[in-house]
Structures are given as structure tokens and as C-alpha cells.
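Observations on chain architecture
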Amino acid sequence: MKKTELKENVLDRFRLDHKTAVVTGAAGNIGYHTAMTFAQAGAAVAIVDLPQCLERSEAVAKELSEKYNVKTAAYGCNLVDASAVTELFDQIEKELGSIDVVHNNAGVGGALTPDIDPWDTEHHMDHLEHWKQVLDINLVSQYIVATTAARVMIREGHGGSIINTASMAGHVVNQAPMYETLDDSSYGVSKAGVLYFTRHFAAQVIKYGIRVNSISPGYCYSPGLHDGLSEEILDCYVKTQPIMRMADVEELQGAVLYLASDASTYTVGHDIMLDGGHTIW
Ligand SMILES: NC(=O)c1ccc[n+]([C@@H]2O[C@H](COP(=O)([O-])OP(=O)(O)OC[C@H]3O[C@@H](n4cnc5c(N)ncnc54)[C@H](O)[C@@H]3O)[C@@H](O)[C@H]2O)c1
């Protein structure tokens, strides 16, 4: 039986030298840290976020290339637009050389999404319209990005790794008393969809050497996302975890690098739960 070619030293398998990694939502909290992780591991990194975040994305690209001496470039793209995503990947391939790793991370919470226009933070939008919008951004965009990336990887003929971003909320119903309107199931439904899509798509593209997996963060502290929440909700975020605290964003980096790299060549179609033990209770 043919043995997979792996570097002898296990730590070397986490390196991403000579690879290009694409991170969506990289102007945001988790995406920024993932992009930093990939740059530290030696990859060229495409920083992708909404067009209205381009200035922030460019600043991230500049910072990472200066700090870690890797190629980076920033792109503005609304990922629910399939033809814009096709153009995006063509452009990244031309400018950074290939597509090897994708962290499919862009997404919105149920309510607080400052960069989306039009976005209804006050919940005045029709519930059905809001519900569909969350599914479009959190699920349909991940389908568009993953399938577009896989097509490029197949054409390039070298395999790759796609990491979707699900959530603890795709596995269990959040206990936090945050549900005020009937459309609030949208977030959990979208993330449960990501979990299923990950397994299905992984089974389809592993024959091309493309591994598809996901991460499910629990309550991960994001300044813009959590600072405005009530004491009651924050207290619930802390006390519903055996670990009795929220996650720091840096605590997600190791799992994403594992999935992106040759450290995980036999991990296919799985989800890594990073929830401080929330779902074991
Ligand atoms: N922070 C948490 O507690 C937590 C927990 C579980 C899952 N997640 C998931 O992790 C991912 C990142 O979350 P975060 O906490 O870093 O939030 P964040 O708001 O800091 O980052 C999300 C980024 O996605 C971008 N984005 C949104 N819609 C987009 C679109 N249509 N096209 C392109 N970019 C778009 C936003 O502009 C933003 O920069 C999301 O998918 C989120 O659902 C977060």
C-alpha cells in the first residue's frame, strides 16, 4: 500500500510554506487571527472581506506581510455573489500563485453585524427576510466559496484543505437569554447546515485530495460582538461552560492550523468543537 509522504518531524507538518491560504471575513476577529496563523506558518495569505471593509483588510494584509515576511493581498467581495467569488478566486490565483487552503470564515451573528448594509440591528426587518439573509450569508456563501475554491484546486491538480466555520450553536440550542424575535433560529440553522454541507462536500472532493472539515467555536470573545451585551447574557456565556469562561480568539488558532496543514491528512469531513466543554454538559 502506498504510504502518504509526510515530513519526518511532526512539527514541520504544520508548516504552510509555498502555499496560498485564503481567509474570508479576515477583517473581523477570528479571520484576522487565522490569517495571522497562516502567515506565521509561512503561507501567502489572501485577506478577503466585504468591499466596505477593504481599508481594514488592506491594513491587515500590510501588517502580516511586514511582520511575517510573506506575500499578502487584500480583496473586497460580497461572498453571497457567486460570480464575484469566481472573479475573486481567479484574481487571487493570478496574484498569489495558487489556492491551497481556504478558511471559509465570514459570517454574521443573529443580530449584531455592523458592516452589513442594509442590516437590521433593531429587528425591524420582516422575520422571513431576516431569516433568509442570515442563511444566505452564513450558509449559502460558505457553499459558494467552498465549491469555487475546490474547482480551482481540482484544475490546479494538487489537492488542498477547506475549513468551514460552523458553531457550537449548530450542534445545540444556545441557552443564553438572547432570543427576542421569531427569526432567531436563523443562526443555528445556518450553522447546522454548514456541518452537514461539510460532511457531504468532504465525501465528494476527497478523491481530488481536497479535505473539507469545519470548526465549531463556542462563545469566543469578540470586542465588537460582545461588548454591548447585558451582564445577564455575559454571565450565561461564562457559567454554561465547564471551563467557566469565554474563549479567547487565540485559542482557535491551533485547530485551524491543524486542519489547514499536513498535520491532519487523515481528518476528513469532521468538525472540531472548541467550546470549553459546553456541549458535554
Ligand atoms: N465569535 C464567536 O463567538 C463565534 C462563535 C461561533 C462561530 N463564530 C463564527 O466565526 C466566524 C467569524 O466570527 P467573528 O466572531 O470573527 O465575527 P466578526 O464579525 O468579527 O467577523 C466576521 C467577518 O465576516 C465579514 N462578512 C460578513 N458577511 C460577509 C459577506 N457577505 N461577504 C464577505 N465578508 C462578510 C464581516 O465583515 C466581518 O469582518 C463567523 O462565521 C461566526 O458565525 C463565531
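Structure first, text after, so check above.
In short, a report on the structure. Note that the structure is predicted; figures quoted are calculated from it, not measured.

Brief notes about the site of the ligand
Around the ligand sit 30 residues, and of these Ile 30, Asp 49, Asn 105, Tyr 187 and Cys 220 come closest. Between an oxygen atom of the ligand and a side-chain N or O atom of Asp 49, the distance comes to 2.6 Å. In the environment of the ligand, an oxygen atom lies 2.8 Å from a nitrogen or oxygen atom belonging to the backbone of Cys 220. Here the ligand has 830 Å² of accessible area as a free molecule, and 90% of this is covered by the chains.

Regarding the sheet that holds strand β2 (residues 44–49)
Judged by pairing direction, the sheet is parallel, and its seven strands sit side by side in the order β3-β2-β1-β4-β5-β6-β7 without closing on themselves. Of all the strands in the sheet, just β3 (72–76) and β7 (271–274) have a single pairing partner and so form its edges. This sheet shows a mean twist of 15° between the axes of neighbouring strands, independent of strand direction. Of the pairings in the sheet, the one linking strand β6 (residues 210–217) to β7 comprises four bridges and is parallel in character. Residue pairing for β7: Ser 216 is matched across the bridge by Met 273. Set on the sheet, helix α4 (residues 127–156) makes contact with β1 (20–24), β4 (101–104), β5 (160–165) and β6; between it and β5 the angle comes to about 180°. Sitting on the sheet, helix α8 (residues 253–260) touches β4, β5, β6 and β7, and the angle it makes with β6 is about 170°.

Criteria and thresholds
- Residues numbered from 1 in each chain as written.
- Predicted model: local features only at pLDDT ≥ 70, side-chain atom pairs only at ≥ 80, totals over all residues.
- Heavy atoms only, no water.
- Near = heavy atom within 4 Å.
- Polar contact = N/O pair within 3.5 Å; in protein donor to acceptor, adjacent residues only side chain to side chain.
- Areas by Shrake-Rupley, 256 points an atom, 1.4 Å probe, with all protein chains shown as cover.
- Pairing = 2+ DSSP bridges.
- Helix = DSSP H or I, 4+ residues; strand = E, 2+ residues; numbered from the N terminus.
- Axes fitted to C-alpha atoms, helices over the stretch in contact; angles between N-to-C directions.
- Contact = heavy atoms within 4.5 Å.

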